[in-house]
Amino acid sequence: IVYYFMDPVIMSNKIRTDIITSFCQYTICTFGYVYNNKINSTYKRHNIQGIDRSRFYKINNWENRYERIIFVGNITPKRYSFVDKLKSNGVPIDCYGLGWENKSVYGSELNKIYNKYKYALNICQDRFGFSVRIQQCLASGCIVFSEVCEDLLRIPSLSKNIILFD
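Note that the structure is predicted; figures quoted are calculated from it, not measured.

## Points about the sheet that holds strand β1 (residues 2-5)
Consideration 1: Read from one edge to the other, the open sheet built from three strands follows the order β1-β2-β3, with strand pairing classed as parallel. For this open sheet the edge positions go to β1 and β3 (43-46), each flanked by a neighbour on one side alone. Shown here is a sheet whose adjacent strand axes are inclined to one another by a mean of 15°, direction ignored.
Consideration 2: Here β1 runs beside strand β2 (residues 26-29); their pairing, made up of four bridges, is parallel.

This is the structure:
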């Protein structure tokens, strides 16, 4: 049995990946902390998510993009609080995803939306891993602001292209 796990640590604890993976010969996971501490398979691998460059790429020139920030991801109390602080300080930001003012978008439609914006925001679910949205935003031509997480710091070839904040 092969088990592919791409959720953050809180979900790993909730569904007990330590027990599930003990029944699997192979496990692939996207969060480094989960890989190092929650996987009990015979063979395990830590892989970050990647993108298909034929689906995420630059369409619009810089001068044709909105002077706004885009955030894509489901609403959580942490994310809501962060975005609310930005908005209350006059920072123009549009949010897409479950619970936000704009619906969830995926694939080629998401690439078109990213291409409307100059800036993108990534708010991590926890301090360990990051979402594929970082690579999607970069490939679509956005300047990315991201919360620091351990996995990002382990990949300097990716993190050097991102403005990180704590």
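## Quick notes on the pairing of strand β5 (residues 93-96)
Consideration 1: Residues Ile93 and Cys95 of β5 are buried on one face, and the alternating residues Asp94 and Tyr96, pointing to the opposite face, are buried as well.
Consideration 2: In this sheet, β5 lies alongside strand β4 (residues 66-72) in parallel orientation, the contact comprising four bridges. Paired with Val72 across the two strands is Tyr96, which belongs to β5.
Consideration 3: Running through helix α4 (residues 77-88), the crossover from β4 to the neighbouring parallel element β5 is right-handed.

## Regarding the pairing of strand β6 (residues 117-122)
Consideration 1: With respect to burial, β6 is a largely interior element, five of its six residues being buried.
Consideration 2: Examined bridge by bridge, β4 and β6 share four bridges and lie parallel to one another. Opposite Ile69, over in β6, you have Tyr119 as the bridge partner.
Consideration 3: Examined bridge by bridge, β6 and strand β7 (residues 143-147) share four bridges and lie parallel to one another.

## Topic: the packing of aromatic side chains
Consideration 1: In total, this model carries six aromatic pairs according to the counting rule given.
Consideration 2: By the ring-pair criterion, three or more aromatic residues cluster together here, those being Trp62, Tyr119 and Phe145.
Consideration 3: Across the ring face of Tyr35, the terminal group of Lys44 is positioned such that the distance to the ring centre comes to 4.8 Å.

## Focus: α4
Consideration 1: An ideal rise of 1.5 Å per residue puts 16 Å on twelve residues; α4 measures up with 16 Å between its terminal C-alpha atoms.
Consideration 2: Looking only at α4, the buried set comprises Arg79, Val83 and Leu86. Buried residues of α4 fall within an arc of 55° about the axis and therefore sit on the same side. Opposite the packed face of α4, turned more than 90 degrees from it, sit the exposed residues Pro77, Lys85 and Ser88.
Consideration 3: Buried positions along α4 lie against β4, β5, β6 and α6 (133-139).
Consideration 4: Taken from the residues just after α4, Gly90 is the one with a positive phi, measuring 80°.

## A word on the pattern of salt bridges
Consideration 1: Summed over all chains, the structure comprises nine salt bridges.
Consideration 2: A salt bridge links Asp94 to Arg68; the shortest N-O distance between them is 2.8 Å. Of the two residues, Asp94 sits in strand β5 while Arg68 sits in strand β4, which places them 26 residues apart along the sequence.
Consideration 3: Its salt-bridge partner being Lys78, residue Glu147 comes within 3.0 Å of it at the nearest N-O pair. Within this pair, whereas Glu147 is found in strand β7, its partner Lys78 is found in helix α4, the two being separated by 69 residues in sequence.
Consideration 4: Among the residues examined, Lys78 registers a relative accessible area of 37% and is labelled partly exposed.
Consideration 5: Three or more residues are tied together by salt bridges with common partners; here these are Arg127, Glu150, Asp151 and Arg154.

Basis of the calculations
- Residues numbered from 1 in each chain as written.
- Predicted model: local features only at pLDDT ≥ 70, side-chain atom pairs only at ≥ 80, totals over all residues.
- Heavy atoms only, no water.
- Pairing = 2+ DSSP bridges.
- Helix = DSSP H or I, 4+ residues; strand = E, 2+ residues; numbered from the N terminus.
- Axes fitted to C-alpha atoms, helices over the stretch in contact; angles between N-to-C directions.
- Buried < 20%, exposed > 50% of the residue type's maximum accessible area, 1.4 Å probe, protein only.
- Right-handed = clockwise from strand over helix to strand, strands pointing away.
- Phe/Tyr/Trp six-rings, centres within 6.5 Å; stacked < 30°, edge-to-face > 60°.
- Lys NZ or Arg CZ within 6 Å of the ring centre and 35° of its normal.
- Expected span 1.5 Å × (residues − 1).
- Arc of directions from axis to C-beta.
- Contact = heavy atoms within 4.5 Å.
- Salt bridge = Lys/Arg side-chain N within 4 Å of Asp/Glu carboxyl O.

That is the geometry; function is a separate question.
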